[in-house]
Amino acid sequence: EGMAVPQKIVCPPEKISMDWQQRQRPGAGLFNLGNTCYINVILQCLTHTPPLANYLLSYQHSQSCQQQGFCMMCTMEAHVRRVLCSSASAILPGAVLRDLKFIGEEFEYGRQENAYEFFRCTLDAMHRACLSRRHDLDVSSQETTIVHQIFGGFMKSRVTCLSCQAAVDSYKAFLDVSLDIREASSLITILEDCVTPKQLDQECFRCSKCKKKAAASKKVTVHHAPRVLTLCLERADQWTGTKISKFVEYPEYLDLRPYMSDTAGEPLLCSLYAIVVHSGDTCLEGHFLCYTKASNGLWYKMDDECVDNCDIHTVLGQQAYLLFYAR
């Protein structure tokens, strides 16, 4: 299909289980040590990501880890175990706070940071930990770690020359998708717009068949859907920096099939299992909290050390910032 085939598989897909292997109450809450809510929400969403929690609870990583010093996979394994197996109502994510600079050097303890950036840096640190002793891998093989096997997908970009209809395809791996919400009121509308062909400026494209610059259209589709789809609804206006405080409707169940390169075939259903919400008037201050679906099938509002029951209607009525869907 034009995509490079990995020479080695770091984490075989058969090691991934999408359903909870053990059912229990929701995890413990997490204490806030002053502006650490952005860390807490991401840790809670990752802890309640079934395939990741299953993998970490199985000790598969730590049993073979040879990393000296900091290892984000070992840190997460210990954290998830403490949260899900603790009898305490709340715990302190001490190891994560201690090693904050290793996760992302831009993070400063005690300063309010962005939850989305922390999510991306955490996945990257876990990905690096999976590759710590693997220096011989090609790029495609590096994209077969447990992180990419769970959160990773591929986008396909097709540029079509409007003169001769010649098409050029390119592919790009992704771990999350950031969406512009300024012009839309629902997630479905945004996704439909994303896969609608856009006309390119004539100066942008040189057709190899026409041998000249030509008008072209570009269409982006999901070529390979991730097992867990993470969507960021951009709440900061990129021109003014002000927060976009509006409700964007999002469903509990999302069919990815209409946004795939291959739109024929069975529905590709994902179900919502976690969201992150930012409360506050500006993007530079305020508070992060999250809602997660526990292994018992019930939803909980997780606001630092407080963990409270809630229903799906409450979850679907939030000004969501991050949405987590699992296939």
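All residue numbers refer to position in the chain's written sequence, counted from 1. Per-residue local features of the predicted model are confined to residues with pLDDT of at least 70, and side-chain atom pairs are confined, for both listing and counting, to 80 or more; whole-chain, interface and lining totals are unaffected and use all residues. To obtain the side-chain values, all non-hydrogen atoms of the structure were used and water was disregarded.

An unreviewed UniProt entry lists the protein chain under the name UBP42 hydrolase, from Drymodes brunneopygia.

Caption draft 1: Molecular detail of the sheet that holds strand β4 (residues 167-174). With respect to topology, 4 strands assemble into an open sheet ordered β4-β3-β9-β6, the strand pairing being antiparallel. With partners counted over all chains shown, the strands left at the sheet margins are β4 and β6 (198-200), one partner each. Taking the axes of each pair of neighbouring strands and ignoring which way they run, one obtains an average angle of 30° across the sheet. Any two strands are treated as partners once DSSP identifies two or more bridges connecting them. Numbered from the N terminus, helices here are DSSP runs of H or I no shorter than four residues, and strands are runs of E no shorter than two. What counts as an axis is a line fitted to C-alpha atoms, over the stretch in contact for a helix, and the angles between N-to-C directions run from 0 to 180 degrees.

Caption draft 2: Structural detail: the packing of aromatic side chains. Stacked, tilted and edge-to-face pairs are distinguished by plane angle, under 30 degrees for stacked and over 60 for edge-to-face with tilted covering the rest, among Phe, Tyr and Trp rings (Trp via its six-membered ring) whose centres lie within 6.5 Å. Taken as a whole and assessed by the stated rule, the structure comprises 9 aromatic pairs. For the ring pair Phe 107 and Phe 118, a centre distance of 5.5 Å and an interplane angle of 65° mean the geometry is edge-to-face. Taken together, the positions of Phe 107 in the loop between α5 (100-103) and α6 (115-130) and Phe 118 in helix α6 put the pair 11 residues apart, joining distant regions of the chain. Grouping residues by exposure puts Phe 107 and Phe 118 together as buried. Through a chain of ring-to-ring contacts, three or more aromatic side chains come together here, namely Phe 119, Phe 151, Tyr 273 and Phe 324. Remark: exposure states derive from per-residue accessible area (1.4 Å probe, protein chains only) relative to the maximum for the residue type, with buried under 20%, exposed over 50%, and partly exposed in between.

Caption draft 3: Highlighting the environment of Ser 271. Its place among the elements puts Ser 271 in strand β12 (residues 269-279). Placed 121 residues apart in sequence, Ser 271 and Ile 150 show a C-alpha to C-alpha distance of 15 Å. Should any heavy atoms of two residues lie within 4.5 Å, those residues are counted as being in contact. If near-sequence neighbours (up to four positions away) are discounted, Ser 271 is found in contact with Glu 252, Tyr 253, Phe 324, Tyr 325 and Ala 326.

Caption draft 4: Geometry of the pairing of strand β13 (residues 287-293). Extensive coverage of β13 is indicated by the burial of 5 of its 7 residues. Summarising the sheet, β12 and β13 pair through 6 bridges and their orientation is antiparallel. Bridging from a neighbouring strand, Ser 279 pairs with His 287 of β13. Note that β13 and strand β14 (residues 299-303) share 4 bridges and pair antiparallel. Across the sheet, Tyr 291 pairs through a bridge with Lys 301, a residue of β14.

Caption draft 5: Representation of a nonpolar patch on the surface. Together, Phe 31, Leu 33, Leu 92 and Tyr 109 line one region of the surface with nonpolar side chains, adding up to about 370 Å² of accessible area. Mapped onto the elements, Tyr 109 comes out in the loop between α5 and α6. Like charges are joined within 9 Å and nonpolar side chains (Val, Leu, Ile, Met, Phe, Trp, Tyr) within 5 Å, but only among residues with over 30% relative accessible area and no salt bridge; these make up the patches. Exposure was quantified through the Shrake-Rupley algorithm and a 1.4 Å probe, taking into account, for residues, occlusion by the shown protein chains and nothing else. Any carboxyl oxygen of Asp or Glu that lies within 4 Å of a side-chain nitrogen of Lys or Arg is treated as forming a salt bridge with it.

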